[in-house]
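If you want the building blocks of each chain, they are given just below.
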Amino acid sequence: MITAWLMAGLLFTPLAWAVLCLLLDFSRGRLVSCLGITVQVLVSLGLWVAVAREGGFLYGLGGWEAPLGIELRVDGLAVTFILLTAIVAGACGLHASVYLAPDNAWYRYFWPLFWFLWAGLNGVWLGGDLFNLYVGLELLSLSAVGLVALGGGINALRASLRYLLAALLGSMAYLLGVALMYGQFGTLSIAGIASLLPETQALVGPGMAMALMLSGLALKTALFPLHGWLPPAHGIAKSPVSALLSALVVKASFYIAARLWLEFGHELGSTAVAQLIGGLGGAAVIWGSWLACRQSQLKQVVAYSSVAQIGYLFLLFPLTFAVSDTASLQAQQGMTLQVVSHALAKAAMFLAAGNLILATGSHQVAGLAGVSHFLPFSLFSFGLAGVSLMGMPPSGGFAAKWMLLQASLASGQWWWIVVLVAGSLLSAAYVFRIYQASFVAKTGVDDFYHPPGSLEVIPLLLALMSLGLALVAEPLLSVMALSLETGGAP
Amino acid sequence: MKRILAVTLPLLASMALVLLLGASLWSIAGSQTPVNLPELLAGKMNESGVNHPVTAVLLNFRSYDTLLEIAVLVIAGITGISMARTASLEDPELRTSDSLLYALQRWFIPLMLLLAGYLLWAGADRPGGAFQAGAVLAGCGVLMRLGGIPLGFLRPGLLLRVGLGLGFAVFLLVAVLSAMAGEAFLAYPPGMTKPLIITIETVLTFSIAMVLLALFVSAPVNDAGAPGEDDS
Amino acid sequence: MTPSLLYAFAGAGLCGIGMFGFIQLRHLLRKLLAFNLIGSGTFLVLVGLAQHGQGPDAVPQALVLTGIVVSIAATALAIVLIRRYFHLSGHTSLEADDSDSGQGGAE
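The structure displayed is predicted, hence computed values, not measured ones.

Chemist: Which residues make up the overall build of chain C, and what are the values?
Modeler: Across its full length, chain C carries three helices and zero strands. The N-to-C order of helical and strand elements in chain C reads α-α-α. By the burial criterion, 53% of the 107 residues in chain C qualify as buried. By sequence separation, contacts in chain C at least 24 residues apart represent 60% of the contacts at least 6 residues apart.

Chemist: Can you lay out the overall build of chain B for me, pointing to particular residues and giving the numbers?
Modeler: Counting its regular elements, chain B contains nine helices and zero strands. Going from the N terminus to the C terminus, chain B shows its helices and strands as α-α-α-α-α-α-α-α-α. Across the 232 residues of chain B, 52% fall into the buried class. For chain B, long-range pairs separated by at least 24 residues make up 72% of all intrachain contacts whose partners lie at least 6 apart in sequence. Carbon and sulfur atoms provide 71% of the accessible area of chain B, an area that totals close to 10,500 Å².

Chemist: Describe the interface of chain B and chain A, listing the residues and the values that go with them.
Modeler: Where interface size is given, it is often the accessible area lost as the parts come together that is meant. Chain B puts 57 residues into the contact, and the matching count from chain A is 70 residues. The contact between chain B and chain A buries some 5,400 Å² in all, and 73% of this surface belongs to carbon and sulfur atoms. Counting every contact that joins chain B to chain A gives one salt bridge. Here B:Arg62 makes a salt bridge to A:Asp129, at a shortest N to O gap of 2.7 Å. Summed over the shared surface of chain B and chain A, the result is nine residue pairs in polar contact (both at pLDDT 80 or more). Elements represented by at least two residues in the side of chain B that touches chain A include exactly α1 (2–29), α2 (37–44), α3 (53–61), α4 (63–83) and α8 (158–180) of chain B.

Chemist: I'd like to hear about the UniProt feature "transmembrane region" (unreviewed entry) in chain B, residue by residue, with values.
Modeler: All names here are of chain B. Mapped onto this numbering, the UniProt entry gives "transmembrane region" (unreviewed entry) at residues 67–87, 107–124, 130–146, 158–181 and 196–217. The straight-line gap between the two end C-alpha atoms of residues 107–124 is 28 Å; of that span, 89% is helix and 0% is strand. From the first C-alpha to the last, residues 158–181 spans 32 Å; its make-up is 96% helix and 0% strand.

Chemist: Before we move on, could you go through the side chain of C:Ser93 and cite the residues and values that matter?
Modeler: The topology assignment puts C:Ser93 in the segment after α3 (58–89). If we skip the residues at most four places from it in the chain, C:Ser93 touches C:Arg26, C:His27, C:Leu28 and C:Tyr85.

Chemist: Could you give an account of the state of the cysteines, with specific residues and numbers?
Modeler: All names here are of chain A. Going through the model one piece at a time under the given rule, you end up with zero disulfides over all chains. Free of any disulfide, cysteine 21 has its nearest neighbouring cysteine sulfur in cysteine 34, separated by 9.9 Å. For cysteine 92, which is in no disulfide, the shortest distance to another cysteine sulfur is to cysteine 34 and amounts to 13 Å. Using a relative accessible area of 0% as the deciding quantity, one classes cysteine 92 as buried.

Chemist: Which residues make up the interface of chain A and chain C, and what values do they have?
Modeler: Facing 33 residues of chain A, the contacting portion of chain C comprises 42 residues. Roughly 3,400 Å² is buried in total at the junction of chain A and chain C, and carbon and sulfur atoms are behind 79% of that figure. When the buried surface of chain A facing chain C is broken down by residue, A:Arg158, A:Arg162 and A:Leu165 rank first, second and third, together holding 19% of it. At the boundary of chain A and chain C, one finds zero salt bridges. There are two residue pairs in polar contact (both at pLDDT 80 or more) connecting chain A and chain C.

Chemist: I'd like a description of helix α7 (residues 130–146) of chain B, backed by residues and values.
Modeler: All names here are of chain B. Here α7 is 17 residues long and its end C-alpha atoms lie 24 Å apart, about the 24 Å a rise of 1.5 Å per residue gives. Within α7, the full set of buried residues consists of Ala130, Phe131, Ala133, Gly134, Val136, Ala138, Cys140, Gly141 and Arg145. A positive backbone phi angle near 95° is found at glycine 148, which sits one or two residues after α7.

Chemist: Quick rundown of the pairing of strand β2 (residues 71–74) of chain A? Include the residues and the values.
Modeler: All names here are of chain A. Burial along β2 is two-sided: Glu71 and Arg73 facing one way and Leu72 and Val74 facing the other are all buried. Across four bridges, the pairing between strand β1 (residues 57–60) and β2 is antiparallel. Directly across from phenylalanine 57, in β2, lies its bridge partner valine 74.

Chemist: Lay out the packing of helix α16 (residues 376–390) of chain A against helix α17 (residues 396–410) of chain A in plain terms, naming residues and giving numbers.
Modeler: All names here are of chain A. Packing of α16 against α17 leaves a shortest axis separation of 6 Å and a crossing angle of 5°. It follows that α16 is roughly parallel to α17 by the angle criterion. Contacts between α16 and α17 involve Ser388, Leu389 and Met390 from the former and Gly396, Gly397, Phe398 and Lys401 from the latter. Taken together, the residues of the contact of α16 with α17 break down into three nonpolar, three polar and one charged.

Chemist: Before we move on, could you go through the UniProt feature "transmembrane region" (unreviewed entry) in chain C and cite the residues and values that matter?
Modeler: Residues and elements named next belong to chain C. UniProt tags residues 6–25, 32–50 and 62–82 as "transmembrane region" (unreviewed entry). Note that residues 6–25 is 95% helix and 0% strand, and that its end C-alpha atoms are spaced 28 Å apart. Each end of residues 32–50 is marked by a C-alpha atom, and these two atoms are 27 Å apart; helix forms 100% of the span and strand 0%.

Chemist: Break down a nonpolar patch on the surface for me, with residues and values.
Modeler: A cluster of nonpolar side chains, A:Met1, A:Trp5, B:Leu173, B:Leu177 and B:Met180, forms an exposed patch at the surface whose accessible area comes to about 570 Å². Sort the elements by how many residues they give to the nonpolar patch and α8(B) lands first, with three residues. Here B:Leu173 shows up in helix α8.

Chemist: So what about the confidence of the model for chain B? Which residues, and what values?
Modeler: All names here are of chain B. Chain-level statistics for chain B give a pLDDT mean of 82 and a share of 88% at 70 or above. Taken element by element, chain B is modelled with least confidence in helix α5 (residues 86–89), mean pLDDT 48, and with most confidence in α4, mean pLDDT 91. Taken as a whole, residues 223–232 scores under 50 in pLDDT and shows 29 contacts with residues more than four places along the chain or in a different chain.

Chemist: Hey, could you go over the packing of aromatic side chains for me, with residue numbers and the actual values?
Modeler: Residues and elements named next belong to chain A. Throughout the structure, instances matching the rule amount to 26 aromatic pairs over all chains. Ring geometry for phenylalanine 114 and tryptophan 115: centres 5.4 Å apart, planes at 75°, overall edge-to-face. Accessibility assignment for this pair places phenylalanine 114 and tryptophan 115 in one class, buried. Taking 5.9 Å as the distance between ring centres and 80° as the angle between the ring planes, the aromatic pair formed by phenylalanine 114 and tryptophan 118 counts as edge-to-face.

Chemist: Residue-level account of the packing of α3(B) against helix α9 (residues 193–218) of chain B, with values.
Modeler: Residue and element names in this part refer to chain B. Remark: α3 packs on α9, axes separated minimally by 11 Å, with the N-to-C direction vectors making an angle of 90°. For the element pair α3 / α9, the angle class is roughly perpendicular. Touching Thr55, Leu59 and Asn60 of α3 are Thr193, Ile197, Ile200 and Glu201, all from α9. Each residue belonging to the contact of α3 with α9 can be placed in one class, and the counts come to three nonpolar, three polar and one charged.

Chemist: Break down the side chain of B:Thr33 for me, with residues and values.
Modeler: All names here are of chain B. With respect to the helices and strands, threonine 33 occurs in the loop between α1 and α2. On the accessibility criterion, threonine 33 (13% relative accessible area) is buried. Of the polar contacts made by the side chain of threonine 33, one reaches the backbone oxygen of valine 35; its length is 3.3 Å.

Chemist: Describe the pattern of salt bridges, and please don't skip the residues or the numbers.
Modeler: All names here are of chain A. This structure, assessed with the given rule, holds four salt bridges over all chains. With a shortest N-O distance of 2.9 Å, arginine 73 and aspartate 75 are connected by a salt bridge. This pair shows no difference in class: arginine 73 is buried, exactly as aspartate 75 is. If you follow the salt bridges from partner to partner, you end up with Arg73, Asp75 and Glu263 in one network.

Chemist: I'd like a description of the confidence of the model for chain C, backed by residues and values.
Modeler: Low pLDDT means the predicted atomic positions in that stretch should not be read closely. All names here are of chain C. Summary statistics for chain C give a mean pLDDT of 83 and a share of 83% for residues scoring 70 or more. Within chain C, α3 has the poorest average pLDDT of any element, 90, and helix α2 (residues 28–50) the best, 93. Confidence drops under pLDDT 50 across residues 97–107; counting only partners more than four residues distant or on other chains, this segment forms 27 contacts. Of the two predicted TM-score estimates for the complex, the pTM is 0.93 and the ipTM is 0.91.

Chemist: Just give me the short version of the environment of B:Ala214, but keep the residues and values in it.
Modeler: Residue and element names in this part refer to chain B. Within the fold, alanine 214 resides in helix α9. According to the relative accessible area criterion, alanine 214 is buried, its value standing at 4%. For the pair alanine 214 and alanine 138, spaced 76 residues apart in the sequence, the C-alpha separation amounts to 9.1 Å.

Rules used in this analysis
Residues numbered from 1 in each chain as written. Chains lettered and ligands numbered in written order. Predicted model: local features only at pLDDT ≥ 70, side-chain atom pairs only at ≥ 80, totals over all residues. Heavy atoms only, no water. Helix = DSSP H or I, 4+ residues; strand = E, 2+ residues; numbered from the N terminus. Buried < 20%, exposed > 50% of the residue type's maximum accessible area, 1.4 Å probe, protein only. Contact = heavy atoms within 4.5 Å. Areas by Shrake-Rupley, 256 points an atom, 1.4 Å probe, with all protein chains shown as cover. Buried area = accessible area lost by both parts, 1.4 Å probe. Salt bridge = Lys/Arg side-chain N within 4 Å of Asp/Glu carboxyl O. Polar contact = N/O pair within 3.5 Å; in protein donor to acceptor, adjacent residues only side chain to side chain. UniProt positions renumbered as here; feature names shortened; annotations may be inferred. Disulfide = S-S within 2.5 Å. Expected span 1.5 Å × (residues − 1). Pairing = 2+ DSSP bridges. Axes fitted to C-alpha atoms, helices over the stretch in contact; angles between N-to-C directions. Parallel < 35°, antiparallel > 145°, perpendicular 65-115°, else oblique. Nonpolar A, V, L, I, M, F, W, Y, C, P; charged D, E, K, R; others polar. Patch = residues over 30% accessible without salt bridge, like charges linked within 9 Å, V, L, I, M, F, W, Y side chains within 5 Å. pLDDT = per-residue confidence, 0-100. Phe/Tyr/Trp six-rings, centres within 6.5 Å; stacked < 30°, edge-to-face > 60°.

Shown next as structure tokens:
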């Protein structure tokens, strides 16, 4: 009974707050949104606890069951990501409420778009229906594009147009795959198709459908070499928006791709495809980190670092295909930890970068000279988040990479270890580059703007969470592993 | 050489796409679908509250899709008006004073309003429904606007924003009220299905027309109050 | 081979043409039109393919209606952005004057 209330609250709150904030101006929307963030965090936490205690369940919307209606799949992984979304989006929302200047008229549209974005994220984590996921993805992309374009100049418009076109093409490729799947199976439920797949003889249609869906989602996740749209969009947006996009939005399309692979990959995948996707992921790690080292603008460094960190996620594909169950499980756990730790660390990093830009008034890395002397606090959260990205213990990034490393060893695919090590070294290089720039001595005068304390605390908390993730990894992973079948506490 | 390559590569890629798609379509067409959704749908039609299967799917069986779809429309509307500057709505250049257009308007607008109403009403048992009616209604607004009627409610203000969100808000309220009554989110209470669907369709028609019209109006830009190059 | 399958094959052809246009064309409005062509092709595949064998199927028709609304919203939003972009920059394509690594939306 309580779960029914929680589910209704979870689905209702972001959408309702979006409409409510549409009617208010920025300052009032800020008050209302803080209330909404509290409600949503509580509801997400409640749902997480309920699922951790009693196991996952299916939620039929409108009271209709799967092939005819839309069923939401509320399992351990989904509620963990919902909780993660609540924490990260809540933090970004609070940061934005101080960061954005209320006197700009068009910021009143920030809150409605923010809430629609949150609704889209929850829809994607829970979705169990191929077409519903398409609508959820579009909800997400359009609100993200709206946020990037908000009140922007030429560069913001160009970045958001590029983002919009890439996102639209990606969704259309995905939808074409869905159309083929429906033609073949007559149902849109992921679980339904997964159960029908082993009995299907002609796999040409579903195979093509899978290829279309995966390539569409890879474009939306900015997998190398389809990543061209990401750095401009994430670099030009306002910092809280960049944090939301990098931490959560790109993960949504990856999550769908991973779900499809884990459900259908057994029948529809092949070693060549798995290695190809893994290879692209590996290339993204190296290329993204390399470009991050070479950027002159602070936020571009962070944005290219996202391209690299997304690459790690795609190692899931080769590490779960045709390997032992233990290796596959380790890879899945590594992937989920990487999603969680990168979301926390990257949100912290973008918010901290926003503070640094606010303080120095410059977008350039070189503009950071003297920061370490006068604003050590702002730099501290940036560095802590960097530790997690590098994968040093005891951070969440370390736990994730350790799991992936073990999975590579267990499945005999040693070449991914090279990628993991090289990626860590390169990320250390770009984090230290920022540090180096900030330690350059400057004239002895403190002419920096000092951001309010609340702006400083939020990225610090996120970075600390990302850093301490490995310490709570055990209980987290046991909840994530709760599928629908295995109810009950571990 | 580079130019030729720039044409040939996309050409080859698209042809490969068509061939692969054609092959998979051919393969799929050769087999029967293991799940027969139309049959399931026909079996549940009497519980759906409407007589037309497409409307039943849209507003009952898969109403969550429709709810999110309206949200997408509202997002587009919000982003549209966030780009618009008030002055462009009153741009004299956009007004025509064509007597033929005026004469046509006098005939067309009542007819189009009637058609919109018919489409909405027809949705219950034949092709038609909220979106079609909303699109016609928006077309009506576009005609009026081009004809120089100012349509003051389209200025970015509270009225416009209420109009954008109204249909979505009513839909959402119905969805959550049924959840409060102990049913699933979006489940209609028994016996109330038909009136609720009709209410939702009506307000949706109005809001869809508002969103489309707002997007039409906010597309032209002029120099008045262009946003500055502000950075974070 | 039923008439409805013909729609599906026509849809596949439209997807191919649209895809070519989307990659090849530089003008933003044309790119957008090409995207709409892909969209129409996809909708044709969805409706045409679903009714092979047994008569009309209401579910894909409803899905296509939803899909159309979503793509109208996206198209309208893109037009607003394109017009604003053109107004501010005077360019009709993304590549006109940008410096950094650039395929992006063209992919």
